[in-house]
Amino acid sequence: MAQRLTLAHSPCPNDTFTFHAWSHGLLPGAPELTVTLADIDVTNGLAERGAGDLLKISYAALPYVLDEYALLPCGGALGHGCGPLVLTRPEDGPAGPAGPERLAGRSVAVPGVRSTAYLLFRLWAARAVPGGVGDIVVMPFHEIMPAVRDGVVDAGLVIHEARFTYQRYGLHRLADMGEEWESDSGRPIPLGAIVARRDLGEEQLRAVARAAADSVRLAWQDPAASRPYVLEHAQEMATDVIEQHIGLYVNDYTEALGEDGYAAVRELLDRAAAEGLVPPVAPGALDFPG
């Protein structure tokens, strides 16, 4: 009997949409999966412990796990206009100090210290916030906007559907990390990666890469098939927000990273390593061995 593999990814609409066909046995001949849905901070930790065959992780966590895991050339999240946002309360928005200097010494909630959002934020804040920010508070991403609204923290770094819903919390967008990255680098924004254990071997790695790409294609061909599964796990239930979320985060880079996608990942990790924020990535470590 063929080996059954484990896959851990977030319950966010882009991931449940992307992997619905594969995880529900709709791809003949694809490796069978046991799926765990967990917040990205959890899946990053699983990868760092070597716990799991396939995982969706932050690109910021990738340098820490490349000895054991290979980057798949598909299934992840990159794109344009989809970066994390820095949010504040209205009284900390147009009023008071202008621009990012209002974050100096202030507390900021983030969705994980190994998150790509936090890596992009650190690269930006190092040059934009005089003297640096204050306390960094880690919390699940869906708790960040209420925490900012209620004054638990001064600002929040948000991801996913928060891009479409932060106005509902009466919050002010201080900065867009994606815009900052794209204007500076000219590259798409690397967010989430799919990794697979290297010891699966090249044949199995090729099989999981094919299955991931095929799952994306089938999701596009029949989007209605995955809708109940997506809705079951979405933390933001508004259909229009879910559709915007999928449309933004599931794109051509999800089907295949391509040269532009790989170049964006290399540039992000090289810049971060130069600042001492992540370990350096060895030449060839991002190449897919399958």
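Not measured: the values here are computed from a predicted model.

Caption draft 1: Up close: the overall build of the chain. Looking only at helices and strands, the chain features eleven helices and eleven strands. For the chain, whose C-alpha radius of gyration is 19 Å, the value lies close to the compact-globule estimate of 19 Å for 290 residues. Projecting the C-alpha coordinates of the chain onto the three principal axes gives extents of approximately 65 × 40 × 30 Å. Within the chain, residue pairs in contact and separated by at least 24 positions form 80% of the contacts whose partners lie at least 6 positions apart. When the accessible surface of the chain is summed, it comes to about 11,900 Å², and 50% of that surface belongs to carbon and sulfur atoms. Once the 22 positive and 38 negative side-chain charges of the chain are each reduced to a mean point, those two points are 1 Å apart.

Caption draft 2: Molecular detail of the nonpolar core. Core analysis: the largest hydrophobic core is formed by 58 residues, its most contacted members being I57, Y59, L62, V86, F121 and W124. Residue contributions to this core peak at nine residues, all from helix α3 (residues 116-128). If near-sequence neighbours (up to four positions away) are discounted, W124 is found in contact with V86, P100, L103, V129, A175, M177 and E180. Core analysis: the next-biggest nonpolar cluster, separate from the first, contains 19 residues, L7, L54, A196 and A211 among them.

Caption draft 3: The side chain of S23, seen in detail. Checked against the element boundaries, S23 lands in helix α1 (residues 13-23). A distance of 3.3 Å separates a polar side-chain atom of S23 from the backbone oxygen of H20. At a separation of 3.1 Å, a polar atom in the side chain of S23 contacts the side chain of H24. Contacts of S23, omitting those with residues within four sequence positions, involve L33, V35 and Y229.

Caption draft 4: The sheet that holds strand β8 (residues 136-138), seen in detail. Read from one edge to the other, the open sheet built from five strands follows the order β8-β7-β9-β6-β10, with strand pairing classed as mixed. Edge positions in the open sheet fall to β8 and β10 (172-176), since each of these has one partner strand only. On average, each strand axis in the sheet is tilted by 30 degrees relative to the strand beside it, whichever way the strands run. Sheet analysis places strand β6 (residues 85-88) next to β10, joined by four bridges and oriented antiparallel. Paired with L87 across the two strands is R173, which belongs to β10.

Caption draft 5: Structural context of helix α2 (residues 40-48). For α2, the set of buried residues is I40, T43, N44, G45, L46 and A47. On its buried face, α2 sits against β1 (5-9), β3 (54-58) and β4 (69-71).

Caption draft 6: Focus on the packing of α1 against helix α7 (residues 202-221). The N-to-C vectors of α1 and α7 enclose an angle of 110 degrees; their axes lie 7 Å apart at closest approach. Here α1 lies roughly perpendicular to α7, going by the angle between them. Of the two possible hands of crossing, α1 and α7 adopt the one that is right-handed. For the pair formed by α1 and α7, the contact residues are F17, T18, F19, H20, A21 and W22 on the first element and V208, A211, A212, S215, V216, L218, A219 and W220 on the second. Partitioning the contact of α1 with α7 into residue classes produces eleven nonpolar, three polar and no charged.

Caption draft 7: Structural detail: the packing of α3 against helix α6 (residues 177-185). Two numbers describe how α3 lies on α6: the axes approach to 10 Å, and their chain directions differ by 75 degrees. As far as their axial angle goes, α6 and α3 are roughly perpendicular. Across the interface between the two elements, L120, F121, W124 and R127 of α3 pack against M177, E180 and W181 of α6. Residues belonging to the contact of α3 with α6 are distributed by class as follows: five nonpolar, no polar and two charged.

Caption draft 8: Molecular detail of empty space enclosed by the protein. The final tally for this structure, using the stated rule, is one cavity of 30 Å³ or more. Taken as a whole, the largest cavity holds about 280 Å³ of empty space. Together, 25 residues line the largest cavity, and I40, I159, H160, L191 and G192 are the ones closest to its centre. Contributions of two or more residues to the lining of the largest cavity are made by α1, β3, α3 and β11 (189-197). The element contributing the most residues to the lining of the largest cavity is β3, with three residues.

Caption draft 9: Focus on the side chain of H20. Positionally, H20 belongs in helix α1. Polar side-chain contacts of H20 include one of 3.5 Å to the backbone oxygen of A225. Once you skip the residues sitting within four places of it in the chain, H20 turns out to touch L26, S215, A225, S226 and Y229.

Caption draft 10: Region of interest: the pattern of salt bridges. Under the criterion given, the structure shown has 20 salt bridges. Here D260 ties to R187 by a salt bridge, and the two come within 3.8 Å at their closest N and O atoms. Linking D260 in helix α11 (residues 258-274) with R187 in the loop between α6 and β11, this pair joins segments that are 73 residues apart in sequence. The exposure class of D260 is partly exposed, given its relative accessible area of 32%.

About the criteria used
- Residues numbered from 1 in each chain as written.
- Predicted model: local features only at pLDDT ≥ 70, side-chain atom pairs only at ≥ 80, totals over all residues.
- Heavy atoms only, no water.
- Helix = DSSP H or I, 4+ residues; strand = E, 2+ residues; numbered from the N terminus.
- Rg over C-alpha atoms; globule rule 2.2 N^0.38 Å.
- Contact = heavy atoms within 4.5 Å.
- Areas by Shrake-Rupley, 256 points an atom, 1.4 Å probe, with all protein chains shown as cover.
- Lys, Arg positive; Asp, Glu negative; His and termini not counted.
- Charge placed at Lys NZ, Arg CZ, Asp CG, Glu CD.
- Core = buried A, V, L, I, M, F, W, Y, C linked by side-chain atoms within 4.5 Å.
- Buried < 20%, exposed > 50% of the residue type's maximum accessible area, 1.4 Å probe, protein only.
- Polar contact = N/O pair within 3.5 Å; in protein donor to acceptor, adjacent residues only side chain to side chain.
- Pairing = 2+ DSSP bridges.
- Axes fitted to C-alpha atoms, helices over the stretch in contact; angles between N-to-C directions.
- Parallel < 35°, antiparallel > 145°, perpendicular 65-115°, else oblique.
- Left-handed = near helix turned anticlockwise from the far one by under 90°.
- Nonpolar A, V, L, I, M, F, W, Y, C, P; charged D, E, K, R; others polar.
- 1 Å grid on protein atoms, 1.4 Å probe; cavity = no way out; pocket = protein on both sides within 12 Å on 5 of 7 lines; lining within 4 Å.
- Points joined across faces, edges and corners; volume = space filled by probe spheres on them.
- Salt bridge = Lys/Arg side-chain N within 4 Å of Asp/Glu carboxyl O.

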